[in-house]
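Observations on chain architecture
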Amino acid sequence: MTTRTLLLLLAVGLPLLVGCVSTAPPASTVVQVSDPWFTRGQATLERRKALARPATKAKNVILFIGDGMGISTLTAARIFAAQRDLDGELTGRSGEENHLSFERFPYSALVKTYTTNGQVSDSAGTATAMASGVKTRSGVLSVTSEQPKGVCAGSRDRAVDTILDLAEESGMSTGVVTTTTLTHATPGAFYASTPHRDWEYDAVIPADQKPCPDIARQLIEYDRGDGLEVAMGGGRPYFLPAGRPDPEYSDRTGLRQDGRDLVDEWQQRPGAAYVWNQDQLRDLDVAQTDRLLGLFESWELKYTVFRDPKNEADPTLTEMTRAAIDILQKNPRGFFLMVEGGRIDHGHHYGSAHMALEETRQLSMAVAAAMEKVDLDNTLILVTADHSHTLTISGYPSRGNDILGLVRENDDQGGATGKLARAEDGKPFTTLGYANGPGARHSFDEQGRTDPSDHQTHGSRYRQQALVRLSDETHGGEDVALYATGPQAHLVGGLIEQNVIFHLMRHALGLD
Ligand SMILES: [Zn+2]
């Protein structure tokens, strides 16, 4: 019998023997209980045991949606945010131990994101589920699943009430903030109802479907309660008549064909303000402003990685979130606010993890800023995603390996070698990769897979290698996470359907 076998027998037999004389669990060794992982693990358990489950209702609800912020995005972003500072410089930190701001929330759940007709969903059907409590088809906003996409007839009768509608009708203040166009699917689902998510302004609605109002018009005409208090994002030409010069870009004009100036219509309301750049937002007199429309770009706001730090006209998501809360908090009856980090999704579609991860960090910062502004005893904060993407974190990189770099692996004894891992083709590979998308264009040539050690994998436009060549990387169909803190947050748990998020919010606000 070898020593090893003897030890194995002892290990199996000893607990059985001990079990005969005593039922006490075996004590862990000194070396184990003094290990920092052990003590930190125990501390986490103690914190969870002490968690309160307040019976109080929420006065306010803030719903943060990271568009396309799947679980692999969260893991990669928390590593990225620790490894690289806001200037993109390496910090020397390993990263895996980091938390995004909302990853410290006490409650979380997994969320099933499919739509009634899609195994892998889009942002319209998923936003409708969160906004209204019912699942529907992909591509439609806040109409039930019976409504065919792109067909105006019948859509009015199939419109559903949203959490924003209910909040307005109970006298609360409401707002939507996004880094995409204000009329995009995610914000749109909360204040508009339409059989086609692309009907952002009137000129794109087919002539035979014109009876349906465009999404921009629905925002300005929104009349539930006393109307929306805050709306900030991009998509300025959708609100301005065709031919009207854009204030920021001399070569662009408004796009509306009905001749309406929706910005002017907004400003007719008492206490209403309009801003289109960062300086104006910073100079805003919140005390004098009851309603705020911000249209900061022609299309989406700039990706954070392409912002000009010295001369940038777009506000950050954090700045918009702060301004929104300042205005909404003036209402003693509370508020509902939806904040979307909308360009996480776009970075992924482009095939660039760097763009997407920086946008995820920005969302995390906006959540942290909101937590500083509100009273967490009366404000429920939820953070989730509408759907995932095809990003994967793979290989066996050493702890602390650059998340934007090539896989460098450990030696047989587990020590970091800095040595590149190599695929069967003899070439290295990156930790991050996509199942599909435009990254596949440069991933293969006549010799097979290209060598990513020839690539600038840290570049802000770098597209990770991908397998299936598509012009746009696609969404992913696995579950997303939901994080919660504040009153009624303890109801968030388990595996839930995405439409349950509406029911959680409505209940937390006492509107059910
Ligand atoms: Zn998308």
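Residues numbered from 1 in each chain as written. Predicted model: local features only at pLDDT ≥ 70, side-chain atom pairs only at ≥ 80, totals over all residues. Heavy atoms only, no water.

Comments concerning the overall build of the protein chain
Using the following cut-off: To qualify as a helix, a DSSP run of H or I must reach at least 4 residues; to qualify as a strand, a run of E must reach at least 2; elements of each kind are numbered from the N terminus. Each radius of gyration reported is based on C-alpha atoms, and the globular scaling rule is 2.2 Å times the count of residues to the power 0.38. Under the scheme applied here, a residue whose accessible area is under 20% of the maximum for its type counts as buried, over 50% as exposed, and between as partly exposed, the area being computed with a 1.4 Å probe on protein chains only. Note on definitions: a residue-residue contact is assigned when non-hydrogen atoms from the two residues lie within 4.5 Å. In these tables, accessible area is a Shrake-Rupley quantity obtained with a 1.4 Å probe, and a residue counts as shielded only by the protein chains included in the view. His is not counted, nor are the chain ends, whereas Lys and Arg count as positive and Asp and Glu as negative. Every charge is mapped to an atom, namely NZ of Lys, CZ of Arg, CG of Asp or CD of Glu.
From N to C terminus, the protein chain includes 14 helices and 19 strands. A compact globule built from 512 residues would reach a C-alpha radius of gyration of about 24 Å, and the protein chain, at 25 Å, matches this within 12%. By its C-alpha atoms, the protein chain is 90 × 65 × 45 Å across when sized along the principal axes. The buried share of the protein chain, taken over its 512 residues, is 53%. Pairs at least 24 residues apart make up 71% of the contacts formed inside the protein chain by residues separated by at least 6 positions. Approximately 22600 Å² of the protein chain is accessible, and the part contributed by carbon and sulfur atoms is 52%. One way to put it: in the protein chain the 50 positive side-chain charges average out to a point 3 Å from where the 67 negative ones average out.

Quick look at helix H13 (residues 353-373)
Put simply, the rule reads: Expected span, for any helix, means 1.5 Å times one less than how many residues it has.
Its 21 residues give H13 an end-to-end C-alpha distance of 31 Å, which sits within 8% of 30 Å, the value for a rise of 1.5 Å per residue. Counting buried positions along H13 gives 16 out of 21 residues, so the element sits mostly inside the fold.

Concerning the environment of Gly347
With respect to the helices, strands and loops of the structure, Gly347 is situated in helix H12 (residues 343-350). With 165 residues separating them along the chain, Gly347 and Leu182 place their C-alpha atoms 18 Å apart.

As for the side chain of Asn277
To keep it simple, the criterion reads: Definition of a polar contact: a pair of N or O atoms within 3.5 Å, with one able to donate and the other able to accept a hydrogen when the atoms are protein atoms, and with sequence-neighbouring residues admitted only if both atoms are side-chain atoms.
If you trace the backbone, Asn277 turns up in the loop between strand E5 (272-275) and helix H10 (278-283). The class for Asn277 is buried, based on a relative accessible area of 14%. A distance of 3.2 Å separates a polar atom in the side chain of Asn277 from the backbone nitrogen of Asp279. Reaching out from Asn277, the side chain makes a polar contact with the backbone nitrogen of Gln280 at a distance of 2.8 Å. Residue contacts for Asn277: discarding those within four places in its chain leaves Phe296 and Ala313.

A short note on the pairing of strand E1 (residues 60-66)
We count it as follows: Only strands joined by at least two bridges in the DSSP assignment are considered to pair.
Summarising burial for E1: seven of the seven residues are buried, a large majority. Burial of the side chains of E1 extends over both faces: Asn60, Ile62, Phe64 and Gly66 are buried on one face and Val61, Leu63 and Ile65 on the other. Looking at chain direction, E1 and strand E8 (residues 379-385) are connected through seven bridges and run parallel. In the sheet register, Ile65 faces E8, and the bridge partner there is Thr384. Sheet analysis places E1 next to strand E7 (residues 335-341), joined by six bridges and oriented parallel. Directly across from Val61, in E7, lies its bridge partner Phe336.

Description of the sheet that holds strand E13 (residues 432-437)
Heads up, the condition is: Between the N-to-C directions of two axes lies an angle of 0 to 180 degrees, each axis being a line fitted to C-alpha atoms and, for a helix, fitted only over the stretch in contact.
Here we have three strands laid out as an open sheet, ordered E10-E13-E16, and mixed in their pairing. Only two strands of the sheet have a single neighbouring strand rather than two, namely strand E10 (391-393) and strand E16 (466-469). Recorded for the sheet is a direction-independent mean angle of 20° between the axes of neighbouring strands. Inspection of the sheet shows E13 paired to E16 by three bridges, in the parallel sense. Note on E16: the bridge partner recorded for Asn436 is Val468. In this fold helix H4 (residues 71-83) packs onto E10 and E13, with an angle of close to 55° to the strand it touches most, E10.

What about the nonpolar core?
Quick note on the threshold: Note on terminology: a nonpolar core comprises buried Ala, Val, Leu, Ile, Met, Phe, Trp, Tyr and Cys residues joined through side-chain atoms within 4.5 Å. The source of the domain bounds is an automatic or database domain assignment.
Counting 110 residues, the largest nonpolar core has Phe64, Phe190, Leu219, Met232, Phe239, Leu293 and Phe336 as its most contacted members. Each of domain 1 (60-390 + 474-508) and domain 2 (400-469) contributes no fewer than three residues to this core. Ignoring sequence-local partners within four residues, the contact set of Leu293 consists of Leu182, Leu219, Ile220, Ala231, Val263, Trp266, Ala273, Tyr274 and Val275.

Some points on the domain arrangement of the protein chain
For clarity, the threshold we go by: Using a 1.4 Å probe, buried area is obtained as the accessible area two parts lose upon being combined, added over both of them. Should a side-chain nitrogen of Lys or Arg be within 4 Å of a carboxyl oxygen of Asp or Glu, the pair is scored as a salt bridge.
Split by domain assignment, the protein chain resolves into domain 1 (60-390 + 474-508) and domain 2 (400-469). One C-alpha centre belongs to domain 1, the other to domain 2; they are set 33 Å apart. Taken together, the 21 residues of domain 1 in the interface contact 18 residues of domain 2. Overall, the association of domain 1 and domain 2 removes approximately 1700 Å² of surface from exposure, summing both partners, and the carbon and sulfur fraction of that is 52%. The largest share of the area that domain 1 buries against domain 2 comes from Tyr350, His354 and Thr390, three residues that together contribute 32% of it. For the pair domain 1 and domain 2, the number of links is one salt bridge. Its salt-bridge partner being Asp402, residue Arg84 comes within 2.8 Å of it at the nearest N-O pair.

Structural notes on the coordination of the zinc ion
In a perfect tetrahedron of four donors around a metal, the angles come out at 109.5 degrees. In a perfect octahedron of six, they are 90 or 180 degrees. Here is the rule: With water excluded from the atoms, a metal site may look incomplete; its donors are any N, O or S atoms within 2.8 Å, or within 3.2 Å for Na, K and Ca. Tetrahedral means four donors with every angle between 85 and 135 degrees, whereas square planar (four donors) and octahedral (six donors) require angles over 155 degrees between opposite donors and between 65 and 115 for all others; sites fitting neither are termed irregular.
Bound to the zinc ion are the protein donor atoms Asp345 (OD), Asp345 (OD), His349 (NE2) and His475 (NE2), situated 2.0 to 2.3 Å from the metal. Geometry at the zinc ion is irregular, judged from its four donor atoms and the angles of 57 to 153° they form at the metal. Each donor residue of the zinc ion belongs to the same chain, and together they define the spacing D-x3-H-x125-H. With His349 in helix H12 and His475 in strand E17 (residues 475-476), this residue pair connects regions lying 126 residues apart in the sequence. Exposure class is identical for His349 and His475. Each is buried.

What to know about the sheet that holds E7
One open sheet holds the 10 strands; their spatial order is E5-E6-E4-E3-E7-E1-E8-E18-E2-E19, and the pairing between them is mixed. The strands lining the two open edges of the sheet, one partner per strand, are E5 and strand E19 (495-497). Ignoring which end each strand starts from, the neighbouring axes of this sheet average 15° apart. The pairing of strand E2 (residues 107-112) with E19 spans three bridges and is parallel. Its bridge partner lying in E19, Val111 is registered against Ile496.

Some words on the environment of Ala216
Considering the arrangement of structural elements, one finds Ala216 in helix H8 (residues 215-221). Sequence separation of Ala216 and Ala192 is 24 residues, and the distance between their C-alpha atoms is 8.7 Å. With residues up to four places along the chain from it excluded, the contact list for Ala216 reads Thr183, Glu200, Tyr238, Phe239, Arg256 and Leu262.

A closer look at the state of the cysteines
By definition, a disulfide links two cysteine residues through a covalent bond between their sulfur atoms. We apply this condition: Cysteine sulfur atoms are paired as a disulfide whenever they come within 2.5 Å of each other.
Inspection of every chain in the model, using the stated rule, returns one disulfide. Each sulfur of the disulfide joining Cys152 and Cys212 lies 2.3 Å from the other. Classification of the bridge connecting Cys152 and Cys212 rests on its S-S torsion, roughly 100°, and on that basis the disulfide is right-handed. Residue Cys152 is located in the loop between helix H5 (123-132) and helix H6 (163-169), and its partner Cys212 is located in the loop between helix H7 (185-191) and H8; the two are separated by 60 residues in the primary sequence.

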